[in-house]
Amino acid sequence: MTIHHGQQQWDARNYDRSMSFVSGFGQEAVQWLNPQAGERIIDWGCGTGDLSAKIAESGAKIHGIDFSQEMIQEAMTKYPHLSFEQADGQHWSTIEPADAIFSNAALHWMKDAPSTARAMANALRPDGRLVAEFGGKGNVASISTALKDVMTAHGWYEESMNPWYFPSIGEYASLIEQVGFRVMQAIHFDRPTILQDGEQGMENWLDTFAGSYLNHLTKEQRTIVVQEVIEQTRPQCMEDGQWVVDYCRIRIYAVRNG
Ligand code: BEZ
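What comes next is a walk through the structure. (Residues numbered from 1 in each chain as written. Predicted model: local features only at pLDDT ≥ 70, side-chain atom pairs only at ≥ 80, totals over all residues. Heavy atoms only, no water.)

**Here's the deal with helix H5 (residues 69-78)**
Threshold: Relative accessible area decides the class of each residue, using a 1.4 Å probe on protein chains only: under 20% of the type maximum gives buried, over 50% gives exposed, and in between gives partly exposed. Secondary structure is summarised from DSSP: a helix means a run of H or I of at least four residues, a strand means a run of E of at least two, and numbering begins at the N terminus for each. Directions are taken from the helix axis to each C-beta atom, and the arc is the one they span.
Of all the positions in H5, only Met71, Ile72, Glu74 and Ala75 are classed as buried. The buried residues of H5 occupy an angular sector of 160° when the element is viewed end-on, so they sit on one face.

**A look at the nonpolar core**
The condition that has to hold: Throughout, nonpolar core names a set of buried Ala, Val, Leu, Ile, Met, Phe, Trp, Tyr and Cys residues whose side chains join them through atoms within 4.5 Å.
Counting 37 residues, the largest nonpolar core has Leu147, Trp205, Leu206, Phe209, Tyr213, Leu214 and Val225 as the members making the most contacts within it. Within the second largest apolar cluster, 28 residues are counted, among which are Ala98, Ala113, Ala117 and Phe181.

**Remarks on the sheet that holds strand S1 (residues 40-44)**
Selection criterion: Should DSSP find at least two bridges between two strands, the strands are taken to pair. Between the N-to-C directions of two axes lies an angle of 0 to 180 degrees, each axis being a line fitted to C-alpha atoms and, for a helix, fitted only over the stretch in contact.
Strand order in the open sheet formed by 7 strands is S3-S2-S1-S4-S5-S10-S6, with mixed pairing between adjacent strands. Strand pairing shows two members of the sheet lacking a second neighbour, strand S3 (83-86) and strand S6 (181-190), which therefore form its edges. Across the sheet, the axes of successive neighbouring strands diverge by a mean angle of 15°, strand direction being ignored. Of the strand pairs in this sheet, strand S4 (residues 98-104) and strand S5 (residues 124-135) are connected by 6 bridges, and their pairing is parallel. Bridged to asparagine 104 within S5 is glutamate 133.

**A word on the site of the ligand**
Put simply, the rule is: When we say a residue is near a molecule or strand, we mean one of its heavy atoms is within 4 Å of it. By the criterion applied in these results, polar contacts are pairs of N or O atoms within 3.5 Å in which, for protein atoms, one can donate a hydrogen and the other can accept it, and in which residues neighboring in sequence qualify only through two side-chain atoms. All accessible-area figures derive from a Shrake-Rupley calculation using a 1.4 Å probe, and residue coverage is judged against the displayed protein chains alone. Any residue outside Ala, Val, Leu, Ile, Met, Phe, Trp, Tyr, Cys, Pro, Asp, Glu, Lys and Arg is labelled polar, Gly included; the first ten of those are nonpolar and the last four are charged.
All residues in the neighbourhood of the ligand are listed as His108, Trp109, Asn139, Trp164, Phe166, Trp205, Phe209, Tyr247 and Arg249. With respect to the ligand, the side chain of asparagine 139 contributes an N or O atom lying 2.7 Å from an oxygen atom. Take arginine 249: an N or O atom from its side chain is 2.5 Å from an oxygen atom of the ligand. Protein contacts shield 99% of the accessible area of the ligand, which totals 260 Å² for the unbound molecule. Taken together, the residues of the shell around the ligand sort by class into 6 nonpolar, 2 polar and 1 charged.

**What about the pattern of salt bridges?**
Heads up, the condition is: What counts as a salt bridge is simple: a side-chain nitrogen of Lys or Arg found within 4 Å of a carboxyl oxygen of Asp or Glu.
Throughout the structure, instances matching the rule amount to 12 salt bridges. Notably, a salt bridge pairs aspartate 50 with lysine 78, separated by 2.7 Å at the nearest N-O pair. You can see aspartate 50 sitting in helix H4 (residues 50-56) and its partner lysine 78 sitting in helix H5, a full 28 residues away along the chain. Note on lysine 78: relative accessible area 27%, which makes it partly exposed. Of the charged contacts, one joins glutamate 133 and arginine 251 as a salt bridge, the two residues approaching to 2.6 Å between their closest N and O atoms. Of this pair, glutamate 133 sits in strand S5 while arginine 251 sits in strand S10 (residues 248-256), and the two are 118 residues apart along the sequence. By relative accessible area, glutamate 133 is classed as buried at 1%. Arginine 251 gets classed as buried once you look at its relative accessible area, which sits at 5%. Where salt bridges share partners, they join Glu28, Glu133, Arg249 and Arg251 into one cluster.

**Some remarks on the packing of aromatic side chains**
Convention followed: Stacked, tilted and edge-to-face are the three classes assigned to paired rings of Phe, Tyr and Trp, where Trp is represented by its six-membered ring and a pair needs centres within 6.5 Å; plane angles under 30 degrees give stacked, over 60 edge-to-face, the rest tilted. Charge-over-ring contacts are defined here by two conditions on Lys NZ or Arg CZ: a distance within 6 Å of the ring centre and an angle within 35 degrees of the ring normal.
Within this structure, the stated rule accounts for 10 aromatic pairs. Between tryptophan 44 and tryptophan 92 the ring centres are 5.5 Å apart and the planes differ by 90°, which places this aromatic pair in the edge-to-face class. Taken together, the residues span a long stretch of sequence, with tryptophan 44 in strand S1 and tryptophan 92 in the loop between S3 and S4 at a distance of 48 residues. Take tryptophan 44: its relative accessible area is 0%, and that puts it in the buried class. Ring centres of tryptophan 164 and tyrosine 213 lie 5.7 Å apart, and the angle between their planes is 50°; this geometry places the pair in the tilted category. Of the two residues, tryptophan 164 sits in the loop between helix H7 (141-154) and helix H8 (169-178) while tyrosine 213 sits in helix H10 (residues 211-214), which places them 49 residues apart along the sequence. For tryptophan 164, a relative accessible area of 7% corresponds to the buried category. Among the residues examined, tyrosine 213 registers a relative accessible area of 1% and is labelled buried. Following the ring pairs from residue to residue traces out a cluster consisting of Trp109, Tyr157, Trp164, Phe166, Trp205, Phe209 and Tyr213. The lysine or arginine in question, arginine 191, covers the ring of phenylalanine 25, its NZ or CZ lying 3.8 Å from the ring centre. The ring of tryptophan 32 carries the charged tip of arginine 251 above its face, separated from the ring centre by 5.3 Å.

**Notes on the packing of helix H6 (residues 113-123) against H8**
Which entries qualify depends on this criterion: Should an angle lie under 35 degrees it is considered roughly parallel, over 145 roughly antiparallel, and from 65 to 115 roughly perpendicular; all remaining angles are considered oblique. The crossing is said to be left-handed when, going from far helix to near helix, the turn is anticlockwise and less than a right angle, and right-handed when the turn is clockwise. We call two residues contacting when some pair of their heavy atoms lies within 4.5 Å.
Direction vectors running N to C along H6 and H8 enclose 50°, while the axes themselves pass 9 Å from each other. Here H6 lies oblique to H8, going by the angle between them. The handedness of the crossing between H6 and H8 is right-handed. Taken together, the residues of H8 that come into contact with H6 (itself represented by Ala113, Pro114, Ala117 and Met120) are Tyr172, Leu175 and Ile176. Along the lines of polarity and charge, the residues of the contact of H6 with H8 split into 7 nonpolar, no polar and no charged.

Below, the structure written as structure tokens:
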């Protein structure tokens, strides 16, 4: 997970506690990656490193990068035997091209998608593979629509507050083909996601992920927006006392042309 908007900040411990589903859901992408002993693999937007550690169990040499210093610090504390670096995935480069790039729940935070795609292609050896899962078109539309509606109604919304890039398969495949990838597999699927902490779940989600909208507001304005977003999303997202959010994923397997 990576942040590329000035207003988004991360509390890494809280993220691990309340949003553990993020790495939990990444396990299938790790299966697509099928890491092999000795391979050099970059975890592009590694967050607090849980999937880096999972990949390292194969004997692969993992290097995790993330824009958030807090996330990298937590990853280093949890997995001191692994290699991590604070870096911007939109522009990262290496002199030692990797065998594979893995990315879970991170690419949608990198709004300069062409630059990110170029950086990934340049960081891979010819025939190296990219396995990525991230938010696709329609992802968390209930929440982003409510944030936009509520903040627009109060006159507090600006388009630049939206920190996310949620493409369709068509858009994303054509983007990475242009920088030298061949797309071998791609799926776009709904993954309704139950939030932890019952009634409190939506507010926790907004506190964790919606900083680029909410951090522009005064404390009082923020309370109003959070309450109104909760009420707007409730009919669609509250089921039997649990918040169920309309996550949609793209999972993609692509190979860098030789
Ligand atoms: C996601 O993983 O799809 C996501 C998480 C937080 C905000 C937006 C999207």
